[in-house]
Amino acid sequence: MTMLQGFQIALHALRLNPLRSFLTMLGIVIGVASIVTVFAIGSGAQLRLQEQIRSIGANVLMITPGAVYQGGVRLKDGSKLTMTESDVQAILEQIPEIQAAAGSIAGTAQVIHESKNWNTTINGTTTGHFMVRDWQLATGRYFSGAEEAGAGKVVILGSTVARELFAPGDDPIGAQIRIMKVPLEVVGVLDRKGPAQDDVAFVPLSTAKLRFLGSASNINRDSVAYIIAKVAADGQMAGARTEIENLLRQRHRVPAGQDDDFKVQDPAAAMEAQQGAIRTVALLLVAIASVSLLVGGISIMNVMIVSVTERTREIGIRRALGGRMRDIRLQFLCEALVLCLLGGAIGVAGGITLSMTVARMAGWITSIDGEAIGLALVFSIATGLIFGFYPAHKASRLSPIDALKTE
Amino acid sequence: MTAPLPLISLRSVSKTYRTDGVAVAAVRNVSFDIAQGEIVAVMGPSGSGKSTLMNMIGLLDLPSEGAVYLEGANVAELSEDRRSLLRARSIGFVFQSYNLLARHNAIENVALPLVYCGVGRKARLARAETSLQAVGMLHRAHHFPRQLSGGEQQRVAIARALIASPLIVLADEPTGALDSRTGAEILALFAALNRDGQTIVMITHDPGIATQCRRTIRLHDGELVSDETLFQLLPKRSAVS
Ligand SMILES: Nc1ncnc2c1ncn2[C@@H]1O[C@H](COP(=O)(O)OP(=O)(O)O)[C@@H](O)[C@H]1O
Ligand SMILES: [Mg+2]
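Parameters at a glance
Residue numbers run consecutively from 1 along every chain, following the written order of its sequence. The order in which chains are written sets their letters, starting at A; the order in which ligands are written sets their numbers, starting at 1. Selection of residues for local features in this predicted model requires a pLDDT of at least 70, selection of side-chain atom pairs for listing and counting requires 80 or more, and totals for whole chains, interfaces and linings are taken over all residues. Processing note: side-chain calculations cover all non-hydrogen atoms of the structure and skip hydrogens and water entirely. Each helix corresponds to a stretch of at least 4 residues labelled H or I by DSSP, and each strand to a stretch of at least 2 residues labelled E; elements are numbered beginning at the N terminus. Here the globule rule is a power law, 2.2 Å times the number of residues to the power 0.38, and the radius of gyration is based on C-alpha atoms. When a residue's accessible area, from a 1.4 Å probe over protein chains only, is under 20% of the maximum for its type it is buried; when over 50% it is exposed; and in between it is partly exposed. Any two residues whose heavy atoms approach within 4.5 Å are treated as being in contact. For every accessible area listed, the method is Shrake-Rupley and the probe measures 1.4 Å; residues are considered covered only by the protein chains on display. Within this scheme the basic residues Lys and Arg register as positive and the acidic residues Asp and Glu register as negative, but His and the chain ends are omitted. Taken as the charge centre is NZ of Lys, CZ of Arg, CG of Asp or CD of Glu, depending on the residue. UniProt positions are given in the numbering used here, feature names are shortened, and annotations may be inferred rather than shown by experiment. The rule for pairing is simple: two strands pair if DSSP sees at least two bridges between them. Proximity criterion: a residue is near a molecule or strand once any of its heavy atoms comes within 4 Å of it. In protein, a polar contact means a hydrogen-donor-capable atom and an acceptor-capable atom, both N or O and within 3.5 Å, with residues adjacent in sequence counting only if both atoms are side-chain atoms; elsewhere, any N or O pair within 3.5 Å suffices. As a working definition, buried area equals the accessible area (1.4 Å probe) given up by two parts on being put together, with both sides summed. One side-chain nitrogen of Lys or Arg within 4 Å of one carboxyl oxygen of Asp or Glu is enough to make a salt bridge. Note that Gly is not counted as nonpolar here; it falls among the polar residues with everything else outside the nonpolar set of Ala, Val, Leu, Ile, Met, Phe, Trp, Tyr, Cys and Pro and the charged set of Asp, Glu, Lys and Arg.

J.: When you look at the overall build of chain B in this model, what are you seeing that I'm missing?
T.: Per the secondary structure count, chain B includes 8 helices and 10 strands. Computed over the C-alpha atoms, the radius of gyration of chain B is 18 Å, within 12% of the 18 Å expected from 2.2 N^0.38 for a compact globule of 241 residues. By principal-axis analysis of the C-alpha atoms, chain B measures approximately 50 × 45 × 40 Å. In chain B, buried positions account for 53% of the 241 residues. Of the contacts made within chain B by residues no fewer than 6 positions apart, 71% connect residues no fewer than 24 positions apart. Split by element, the accessible area of chain B, about 11100 Å² in all, is 51% carbon and sulfur.

Right, dumping it as C-alpha cells:
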C-alpha cells in the first residue's frame, strides 16, 4: 500500500463523519489560527517599528527636555523647554563627531490649499533636520539661509500632505498654501519615508516662532522643543552622547548631583529594545498557542484510539485480505495526518482572517509571512505524527483472528 | 514418477490456546494434504477446531506444533509481511458473516485485496468488475453492503475472495447465515467455481452440503476423525441445481 492510497482511505473514512472529524481537529484549528494571528500581529508591530527606526535615520541622537526644578520641586519631564538654538549651535561647533544638528518646535494645524484642507503636524526646523534624517526631496528645494534667518513664508511638504492638498497632476512647487491664516509658498516636497512620517509640513524654525507661536508665555524666543543630531559613525554614538551631556550640563549650569534638565536618547536603540520586547511577547503567546496545539493533538489521539476500537473488525478484515501490519499503521497514521493537515489549513485560513479583522478593527499593521504559515503547518504535521503514532501502532498490532471475532 | 506437490500440507499440526493459564487444545495432531483442484468439506461439531484449522491454512495463525506447508514452503518460516502478501495473492477468504466493509460499496470491497497486491486503482476496478460478473453481481457494483441481501453480500464476498486468482478459497460456514434456498445457490456457485479448477476448502455444519463435496474431513475435539473421498462422483447437475 502506498502513501497515496493511505491518504485516499483516510479521506474516505473522515468524509463519512464530517462533524466528528471537524470537532476532532478543532484543537489544531484553534492552535494554528492563534499561532498565525500572533505571528501576524507580532511581525506587523515589528515592521512598524523598523519603519520608524529607518525613518529616524541612522546614528541619530535626540535631545529632549528633562527634569526641571522650581523651588526644589521636580516638575514633570518636558514641562519646560530647556533647549535653545544656541545649544544646537554649540553642539555643532564643539563636538567633532556631530555631522549635523537641528532644533525643532512642533504643533498641529490645518493646512489649506484652495478648496482642500488637511490637519497635520507643523514642524518648525532648519535644513539640518533633513540632513540628520537623511531625508531627500522628491521635488523642489530645502530652505535657503535667508528664509531660515528671516522667517521666510515657505513650506516643505511631506508626501502625504502633498497628496491630500494637490490633485495628482498638479505641481505643488510654487503654489500658495495657508497655515493659521499665514500664506506660505511650497518650495519642496519630500520623498516618502513611511505612512507615520510623511504626514507633516516643515517651515523654517524662525517662521514657526514668529508667525505661529505668538507670545506663548513659557517660550523663550531662543527655545526649541527638541534637538536631533547626527553622529558621523556608529562606533561614536556613546562618545558623542557623553560629550553632548557634558556640554549641555555646563551650558545649562546644572549643579553637580542634580538631574539633567535634558535627556539624550538614541531612538533607534530604544526602538530596537522595544522590538526585542515585542519578539519576546510574541514568542510567549506562540508558546501559549502551542499548548492548544498540544491539547488538539491529545484530542486527535483520543478520537483515534476510539476509532481503532470501533474499527477493530475492519482491521481484521484488512489483515485477512493481505494488509500488512505496516499498511494498517500507515492507514491510521494517514488519518491522523489528514486531520492535522486539514485542521492546520483551516487554522491558517482562520488565522489570516482573524489577523486581517484585527488589523481593520484595531488599526494595527499585521503582516502574514510564509514563514509563520510554514511553521504552523510543520507544527500540525508533527502533531499528527506524534499523536497519531500510538493509535496507529496499536491498530497494527491487533491479532487478525481476534480482530475478526469482535462484533 | 513423482506425485505433484500438494497445494497445502498439514503435518502433525496442533494448536493450543492458553487463556489465564488454562490450555485449550483447539487442534490436535492433524495431518492431511490438499491437492490442486480439490473441493474439501470440513465438518465437526461446534468447538471442534474447524475455524482454528482454517486460520492456520489461511496463514492467519501459526500452529503451536507441527507445520503447515503452502506449495512446499513452511509458512512458519516466512516473515509476517510475506504471509500477508500470500494472503492477498494466494488465499481467498469467505466468512459466515460476509465481513464486507460497511462503508465501501460492492466494487470497492471486491477490489480491496488488490490494494495490498500493489495494483493501481484503474486495474483494480476493472478486475473487480470481472470478478463481480463471475458471481452475477455486476448490477450491484455500486451498492453498499447494507443495501444488499445476505445472499448478495456473500456473492460479493466470494467475488472479493476470487479477485486475485487465489490458489485456494477458504470458506468458513459460508451458508451459515443464509436461508436454505440462498445457501444452496451459494453452494452451487462454489461447485461451479471448483469445476473451473478452483481449489476450495469449506467448513460446514450441513451434512447435505458436505455430501456435495467429493472429500470430507471430520474433526472432533480438535482431532481428525475421518478423511473420506467419495469413490463415485455425484452427477454434476445435482451440485448446481
Ligand atoms: N483465541 C482463542 N483463545 C482461546 N480459545 C480459543 C480461541 N479460539 C478458539 N478457541 C477455542 O478453541 C476451540 C476450537 O474453536 P474453533 O476453531 O472456533 O471451533 P469451531 O470453528 O469448530 O466451532 C474452542 O474450544 C474454542 O473455545
Ligand atoms: Mg467456527
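J.: Help me out: how do you make sense of the overall build of chain A in this one?
T.: Per the secondary structure count, chain A includes 13 helices and 14 strands. Of the roughly 18900 Å² that chain A leaves accessible, carbon and sulfur atoms contribute 60%. Charged side chains of chain A number 37 positive and 34 negative; the gap between the two group centres comes to 10 Å.

J.: Honestly, the UniProt feature "transmembrane region" (unreviewed entry) in chain A in this entry has me stumped. Any pointers?
T.: Residues and elements named next belong to chain A. In the numbering used here, UniProt assigns the feature "transmembrane region" (unreviewed entry) to residues 21-42, 281-309, 330-352 and 372-390. In residues 281-309, the share of helix is 100% and the share of strand is 0%. The end C-alpha atoms are 43 Å apart. Structurally, residues 372-390 comprises 100% helix and 0% strand, and the distance from its first C-alpha atom to its last is 28 Å.

J.: Is there a simple way to think about the side chain of Thr84 of chain A in this case?
T.: All names here are of chain A. Its place among the elements puts Thr84 in strand S4 (residues 83-84). Classification of Thr84 as buried rests on a relative accessible area of 15%. When residues no more than four places from it in sequence are discounted, the contact partners of Thr84 are Asp222, Ser223, Val224, Ile227 and Arg251.

J.: Looking at this model, I keep getting lost on the sheet that holds strand S5 (residues 73-74) of chain B. Mind explaining?
T.: Consider a sheet: its strands pair through backbone hydrogen bonds, and that pairing is either parallel or antiparallel. All names here are of chain B. Reading across the sheet, the 4 strands line up as S2-S1-S4-S5 and stay open at both edges, with antiparallel pairing between neighbours. With partners counted over all chains shown, the strands left at the sheet margins are strand S2 (22-34) and S5, one partner each. Summarising the sheet, strand S1 (residues 8-19) and strand S4 (residues 65-70) pair through 5 bridges and their orientation is antiparallel. In the sheet register, Ser14 faces S4, and the bridge partner there is Glu65.

J.: Teacher, can you tell me more about the site of ligand 1 here?
T.: Around ligand 1, a shell composed of Asp402 and Lys405 of chain A together with Tyr17, Ala26, Pro45, Ser46, Gly47, Ser48, Gly49, Lys50, Ser51 and Thr52 of chain B is seen. Lying at an intersection of chains, ligand 1 is approached by residues of chains A and B. Gly47 of chain B places a main-chain nitrogen or oxygen 2.7 Å from an oxygen atom of ligand 1. When isolated, ligand 1 has an accessible area of 560 Å², and the protein chains bury 70% of it. Sorting the residues of the shell around ligand 1 by element identifies helix H13 (400-405) of chain A together with helix H1 (50-57) of chain B as the ones contributing at least two each. If you tally residues by element for the shell around ligand 1, the top one is H1 of chain B, at 3 residues.

J.: I'm lost on the interface of chain B and chain A in this one. Help?
T.: Contacts between the two partners involve 25 residues from chain B, matched on the other side by 23 residues from chain A. Here chain B packs against chain A, burying approximately 2200 Å² in sum over the two surfaces, 57% of which is carbon and sulfur. By the criterion of area lost to chain A, the three top residues of chain B are Asp81, Arg103 and Tyr116 of chain B, representing 32% of everything that side buries. Linking chain B with chain A are 3 salt bridges, by the criterion used here. As a salt-bridge pair, Arg319 of chain A and Glu80 of chain B come within 3.2 Å of each other at their nearest N and O atoms. Seen at the junction of chain B and chain A, the total is 9 residue pairs in polar contact (both at pLDDT 80 or more). By residue number, the principal contributor to the side of chain B that touches chain A is helix H2 (residues 80-90) of chain B, which donates 6 residues. Here the side of chain B that touches chain A is built from residues that sort into 12 nonpolar, 5 polar and 8 charged.

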